[in-house]
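# An overview of the molecular structure
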Amino acid sequence: MGGKRKMFIYGGIIGLIAAILMKMGNPGNMGICVACFYRDIAGAVGLHRAEVVQYIRPEIIGFIFGAFIISIVKRDFKSRGGSSTLIRFFLGFFLVIGALVFLGCPLRMILRLANGDLNAIIGLVGYLVGIFIGIQFLKKGYTLGRSIEQNKISGYIVPTMAVVLLIFLVIKPAFIFFSTEGPGSMKAPVILSLVLGMVVGAVLQRSRICTAGGFRDAMLIKDYHFLWGIIGIFIVNLIANLILNFDSFHIGFADQPVAHSNHLWNFLSMTLAGLCSVLLGGCPVRQTILASEGDTDAGVTILGVIVGAAFSHNFDLASSPKGATPNGKIAVIIGIVFVLILAYGIIKNNNKIKSQNKEVIKNA
Amino acid sequence: MPNILDARGRSCPEPVIMTKAAIESNPKGSLQVLVDSHVAVENITRFVTGKGYNVNVEQVNEEFTLNIKK
């Protein structure tokens, strides 16, 4: 089977599962949303107290289990880390702030578009601009440095976190919060979410699909391999929605579920998300898969995402269907400026080290 | 002797960018790229075969050497 077709099928499986999860109870156009799901988990463990978005999403647990198991079977699992860990934390932190101002991670952006939400086009344009800016830094020598092999046990921490979350989900201790209304209360059955989440995790691990990587490689090296995965997600989700979720399918900007029509802020928030994703080397769902196969830097990135999601609700940064908040707008601007300065600083320092090394070689 | 590029520990897409720069600076020469992940092997292989190069991959433990030539 050709690489393109294989990628399309892999992406198609994800698109189909997203439509099924929406049909079975997940919020509108949110069969899968990595940013929203981490936000719900942050709320469930009490890191924020926005009562309408608190739930331990079994899909995330499934992604981690699926990717972990398949990476062990296929010998991809490797404990590694130590590559600019704190920087990655803050890139994850600002990435999710951007995503929650837009109201969705890049994967949900594609799913929103596949159910007729035209606001997602604005988000997509912003995301592409963010990726384009990120690529300019890559071309100028941006790197977060090498990771090195870590003690094997460190690679098991994220999968263990998933086990703990599953225990909390099942026994629901008093300190765990579950929404009784709003998006957090809308959910597909636990077993279904978990099993389909595992399938998605395994598919993403094998295919290496990344919503940022697909666009980045197309722009940077004219490689459309991963883009076919994204196209597969979009087309199959669109068809599946027309069959399974026809009642909710409508094309337009207004009255879309868990979305708003502040075009400027949909654009800028996803510019921030795209920029952070390229500088991290992958979008939130890719970071989740990497973290599940032993990448401790990606694990810290996820922690940044969870903390950023909690701040988003504690500081009133996350948008609502009414639109972006004043605090959210300020946070997006701060995020873009912060990340640009960070990337510029990294390039400047790297180039300085390079020229010093050349001097040393010359003088040797 | 081929040029040797050490891309071990580099996260995606750096190994491909480094390989791209190396073959662009010396398009006719042979190149050896060292990586330590399957993803990097797949991405570099796809990139250089698309550019008309031949690749041979050797694996020792968890490290890979890609021998790239026209």
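Every value quoted in this text rests on a predicted model; they were computed, and no experiment measured them.

About the criteria used
- Residues numbered from 1 in each chain as written.
- Chains lettered and ligands numbered in written order.
- Predicted model: local features only at pLDDT ≥ 70, side-chain atom pairs only at ≥ 80, totals over all residues.
- Heavy atoms only, no water.
- Phe/Tyr/Trp six-rings, centres within 6.5 Å; stacked < 30°, edge-to-face > 60°.
- Buried < 20%, exposed > 50% of the residue type's maximum accessible area, 1.4 Å probe, protein only.
- Lys NZ or Arg CZ within 6 Å of the ring centre and 35° of its normal.
- Helix = DSSP H or I, 4+ residues; strand = E, 2+ residues; numbered from the N terminus.
- Expected span 1.5 Å × (residues − 1).
- Polar contact = N/O pair within 3.5 Å; in protein donor to acceptor, adjacent residues only side chain to side chain.
- Salt bridge = Lys/Arg side-chain N within 4 Å of Asp/Glu carboxyl O.
- Contact = heavy atoms within 4.5 Å.
- Buried area = accessible area lost by both parts, 1.4 Å probe.
- UniProt positions renumbered as here; feature names shortened; annotations may be inferred.
- Core = buried A, V, L, I, M, F, W, Y, C linked by side-chain atoms within 4.5 Å.
- Lys, Arg positive; Asp, Glu negative; His and termini not counted.
- Patch = residues over 30% accessible without salt bridge, like charges linked within 9 Å, V, L, I, M, F, W, Y side chains within 5 Å.
- Areas by Shrake-Rupley, 256 points an atom, 1.4 Å probe, with all protein chains shown as cover.
- Charge placed at Lys NZ, Arg CZ, Asp CG, Glu CD.
- Pairing = 2+ DSSP bridges.
- Axes fitted to C-alpha atoms, helices over the stretch in contact; angles between N-to-C directions.

As a further point, take the packing of aromatic side chains. Residues and elements named next belong to chain A. Evaluated as defined, the whole model comprises 13 aromatic pairs over all chains. Pairing F89 with F90 gives two aromatic rings, centres 5.2 Å apart and planes at 75°, and the pair type is edge-to-face. For F90, a relative accessible area of 30% puts it in the partly exposed group. Between the aromatic rings of F311 and F315, the centroid separation amounts to 4.9 Å while the plane-to-plane angle is 80°, which identifies the pairing as edge-to-face. The exposure class of F315 is partly exposed, given its relative accessible area of 46%. Pairwise contacts between aromatic rings join F89, F90, F93, F94, F311, F315 and F338 into one cluster. Here K187 stacks its cationic end above the ring of Y55, 4.3 Å away from the centre of that ring.

Now for helix α14 (residues 296-314) of chain A. Owing to its 3.6 residues per turn, the α-helix aligns residues three or four sequence positions apart on the same side. All names here are of chain A. For α14, which comprises 19 residues, the first-to-last C-alpha distance of 27 Å matches the rise-based estimate of 27 Å (1.5 Å per residue) to within 8%. Two or three places before D297, at the start of α14, stands the capping residue D295, its side-chain oxygen 3.0 Å from that residue's backbone nitrogen. D316 lies just past α14 and shows a positive phi near 60°.

What follows deals with the pattern of salt bridges. Following the criterion strictly, the structure yields 15 salt bridges over all chains and no others. The partner of D40(A) in a salt bridge is R39(A), with the nearest N and O atoms 2.9 Å apart. Classification of D40(A) by relative accessible area gives buried; the value is 0%. On the basis of relative accessibility, which here comes to 5%, the residue R39(A) falls in the buried class. Members of the salt-bridge network, linked through shared partners, are D76(A), R206(A), R208(A) and E42(B).

What follows covers the interface of chain A and chain B. One frequent convention defines the size of an interface as the accessible area lost when the parts assemble. Taken together, the contact between chain A and chain B spans 22 residues of the former and 20 residues of the latter. Carbon and sulfur atoms supply 45% of the area that chain A and chain B bury against each other, a total of about 1700 Å² over both sides. Considering only the side of chain A, the residues that lose the most area to chain B are K78(A), R146(A) and I221(A), jointly responsible for 33% of the buried surface there. The interface formed by chain A and chain B includes 4 salt bridges. A salt bridge links D36(B) to K78(A), with the nearest nitrogen and oxygen atoms 3.8 Å apart. On the surface where chain A and chain B come into contact, there are 9 residue pairs in polar contact (both at pLDDT 80 or more). Residue assignment for the side of chain A that touches chain B shows that the elements contributing at least two residues are α10 (211-220) and α11 (225-244) of chain A.

In this structure's numbering, the residues bearing the UniProt feature "domain: UPF0033" (unreviewed entry) are residues 5-29 of chain B. The annotated region residues 5-29 of chain B carries 48% helix and 8% strand content, and the separation between its end C-alpha atoms amounts to 13 Å.

What follows deals with the nonpolar core. Ranked by internal contacts, the top residues of the largest apolar core, which has 122 residues, are I32(A), I61(A), L91(A), Y127(A), Y142(A), V33(B) and V35(B). Setting aside anything within four residues of it in sequence, one finds V33(B) in contact with L5(B), A7(B), T19(B), I44(B), F64(B), T65(B), L66(B) and I68(B).

This part takes up the side chain of R88(A). Along the polypeptide, R88(A) turns up in helix α4 (residues 85-102). Of the buried charged residues, R88(A) lacks a salt bridge, with D297(A) as the closest side chain of opposite charge at 4.1 Å. Polar side-chain contacts of R88(A) include one of 2.7 Å to the backbone oxygen of S83(A). Among residues more than four places away in sequence, those in contact with R88(A) are S83(A), L144(A), L280(A), D297(A), T301(A) and S11(B).

Bringing a positive patch on the surface into the picture now. A contiguous patch of positive charge, built from K139(A), K140(A), K222(A) and K51(B), is present on the exposed surface. The residue K222(A) is located in the loop between α10 and α11 in this model.

Residues and elements named next belong to chain A. Of note, G98 is situated in helix α4. Put simply, G98 and G308 are 210 residues apart on the chain and 9.6 Å apart in space, counted from C-alpha to C-alpha. In this view, G98 contacts S269 and L272; residues no more than four positions away in its chain are not counted.

What follows covers the sheet that holds strand β2 (residues 31-35) of chain B. To summarise the sheet geometry, strands pair through backbone hydrogen bonds and adopt either a parallel or an antiparallel arrangement. Residues and elements named next belong to chain B. Spatially, β1-β2-β4-β3 is the arrangement adopted by the 4 strands of the open sheet, whose pairing is mixed. Of all the strands in the sheet, just β1 (3-6) and β3 (54-60) have a single pairing partner and so form its edges. The mean inter-strand angle of the sheet, taken between neighbouring strand axes irrespective of direction, is 20°. When β3 meets strand β4 (residues 63-69), the two strands line up antiparallel, connected through 7 bridges. By the bridge assignment for β4, V60 is matched with E63. Strand contacts of helix α1 (residues 14-25): β1, β2 and β4, with the helix running at about 170° to β2, the strand carrying the most contacts. Along the sheet, helix α2 (residues 38-50) contacts β2, β3 and β4; its crossing angle with β4, the most-contacted strand, is approximately 5°.

Residues C12(B) and P13(B) are joined by a peptide bond in cis, for which omega reads 5°. Looking at where P13(B) falls in the secondary structure, it is placed in the loop between β1 and α1. Look at V258(A): it is not a glycine, yet its phi comes out positive at around 40°. Among the secondary structure elements, V258(A) is positioned in the loop between α11 and α12 (263-280).

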